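Spelled out from the first residue to the last, the chains are:
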Amino acid sequence: MSADSLLLDSTFVITEVDQQKYDRVSRITGFREDLKFFLDIHCELYPVVVGETIQLSIASTLSLDGSKDDAANSKTGWRETRSGELTLADTYDYVCHGKVYRFEEGSGETIHVYASFGGLLLHIEGPHKRLSGLRHEYIYLLIKK
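This is a predicted model, so every value here is computed, not measured.

*Asks:* I'd like a description of the overall build of the protein, backed by residues and values.
*Replies:* Within the protein, the regular secondary structure consists of one helix and eight strands. Considering the protein as a whole, with its 145 residues, one finds that 39% of them fall into the buried category. Sequence-distant contacts in the protein: of pairs separated by 6 or more residues, those separated by 24 or more amount to 60%. Carbon and sulfur atoms make up 48% of the accessible area of the protein, which totals about 8,200 Å².

What follows is the structure, given as C-alpha cells:
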C-alpha cells in the first residue's frame, strides 16, 4: 500500500452512539488523544457500541499499489475490480466512497473537515498537521474492529 494514498489511519474509542433521529442510521462519536470524529453509519450493516475500539482510515484510492482510480466517473463503481484484484477494501469491514466538502479553521492549530458519503456525514476535528492531507475531493472511508 502506498503511503501517499492512506491519508489518515487511527484507532478510536467509541464514546457515543445516537440512533434517535433515523431508523437505520446512527451518529457515532469517536475519540483519541488528538482527534475526534462524528460519523453517520448504517447501523444495521455495521453496529457499534460505546466503549468499542475501531480503526478508522481515510484513503484517496483503494488500489494497493497506490495508483489512482476514478470511481466518481467509473461506470462500474468502486466495488468492481479488475479480474479479482485485491483492494484495500478487502481488509476492512465497512467502506464508503464520498466527497470532502468543507474545511474550517478552529481554535489554534485545530481544523474541522467535513465529508459526505451519500448523505452519511463525517465531521473530524484535530491538529492541522494530522488532517491537512485530507484536502482531496474524493475519499474512501474504511472501518474495521
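*Asks:* Break down the pairing of strand S3 (residues 36-42) for me, citing the residues and quoting the values.
*Replies:* Pairing geometry for strand S2 (residues 25-31) and S3, over seven bridges, is antiparallel. Each residue of the ladder has a partner; that of Phe-31, found in S3, is Lys-36. Between S2 and S3, which follow one another and run antiparallel, lie four residues. Across four bridges, the pairing between S3 and strand S7 (residues 120-127) is antiparallel. The partner of Phe-38 across the bridge, within S7, is His-123.

*Asks:* Could you give an account of the nonpolar core, with specific residues and numbers?
*Replies:* If you look at the biggest cluster of nonpolar residues, it comprises 29 residues, and the most contacted ones within it are Phe-37, Leu-39, Leu-56, Ile-58 and Ile-124. Judged by nonpolar contacts, the second largest core, of eight residues, contains Leu-62, Leu-88, Val-95 and Tyr-140.

*Asks:* I'd love a proper account of the environment of Asp-23, names of residues and values included.
*Replies:* With respect to the helices and strands, the residue Asp-23 is situated in the loop between strand S1 (6-18) and S2. For the pair Asp-23 and His-42, spaced 19 residues apart in sequence, the C-alpha separation works out to 9.3 Å.

*Asks:* How would you explain the packing of aromatic side chains if you had to name every residue and give the values?
*Replies:* With the rule as written, the count across this model stands at three aromatic pairs. Aromatic side chains Phe-12 and Phe-37 sit 4.9 Å apart centroid to centroid with 85° between the ring planes, which places their arrangement in the edge-to-face category. Highlighted residues: Phe-12 in strand S1 and Phe-37 in strand S3, separated in sequence by 25 residues. For Phe-37, a relative accessible area of 0% puts it in the buried group. A cation over a ring is seen here: Arg-135 above Phe-103, with NZ or CZ 4.0 Å from the ring centre.

*Asks:* Run through the sheet that holds strand S6 (residues 110-117), naming residues and quoting values.
*Replies:* Spatial strand order, S1-S2-S3-S7-S6-S5-S8-S4: eight strands in a closed barrel with antiparallel pairing. Ignoring which end each strand starts from, the neighbouring axes of this sheet average 35° apart. Pairing analysis gives six bridges linking strand S5 (residues 94-105) to S6, with the strands arranged antiparallel. Residue pairing in the sheet places Glu-104 in a bridge with His-112 of S6.

*Asks:* Tell me what's going on with the pairing of S7, and back it up with residues and numbers.
*Replies:* Relative to S7, S6 runs antiparallel, the two being bridged by eight bridges. In the sheet register, Ala-115 faces S7, and the bridge partner there is Leu-122. Taking the residues between adjacent antiparallel strands as the criterion, S6 and S7 are bridged by two residues, where Gly-118 takes a positive phi near 65°.

Reading the values: the criteria
- One numbering rule holds for all chains: residues counted from 1, following each sequence as written.
- In view of the model being predicted, local features appear only for residues whose pLDDT reaches at least 70, and side-chain atom pairs are presented and counted only at 80 or more, with totals across whole chains, interfaces and linings using the full set of residues.
- Side-chain metrics in this entry use all non-hydrogen atoms of the structure; hydrogen atoms and water are not considered.
- Going along the chain from the N terminus, every DSSP run of H or I of four or more residues is numbered as a helix, and every run of E of two or more is numbered as a strand.
- When accessible area is computed with a 1.4 Å probe and restricted to protein chains, residues below 20% of their type maximum are described as buried, those above 50% as exposed, and intermediate ones as partly exposed.
- Contacts are residue-level and defined by heavy atoms, with any inter-residue pair within 4.5 Å sufficient.
- Per-residue accessibility takes into account occlusion by the displayed protein chains alone, with areas from the Shrake-Rupley method and a 1.4 Å probe.
- If DSSP finds at least two bridges between two strands, the strands pair.
- Residues belong to one nonpolar core when they are buried, are Ala, Val, Leu, Ile, Met, Phe, Trp, Tyr or Cys, and are joined through side-chain atoms within 4.5 Å.
- Only centres within 6.5 Å qualify two rings of Phe, Tyr or Trp (six-membered ring in Trp) as a pair; their planes then separate them into stacked at under 30 degrees, edge-to-face at over 60, and tilted for everything else.
- In this scheme, the term charge over a ring applies when either NZ of a lysine or CZ of an arginine sits within 6 Å of the ring centre and within 35 degrees of the ring normal.
- What counts as an axis is a line fitted to C-alpha atoms, over the stretch in contact for a helix, and the angles between N-to-C directions run from 0 to 180 degrees.

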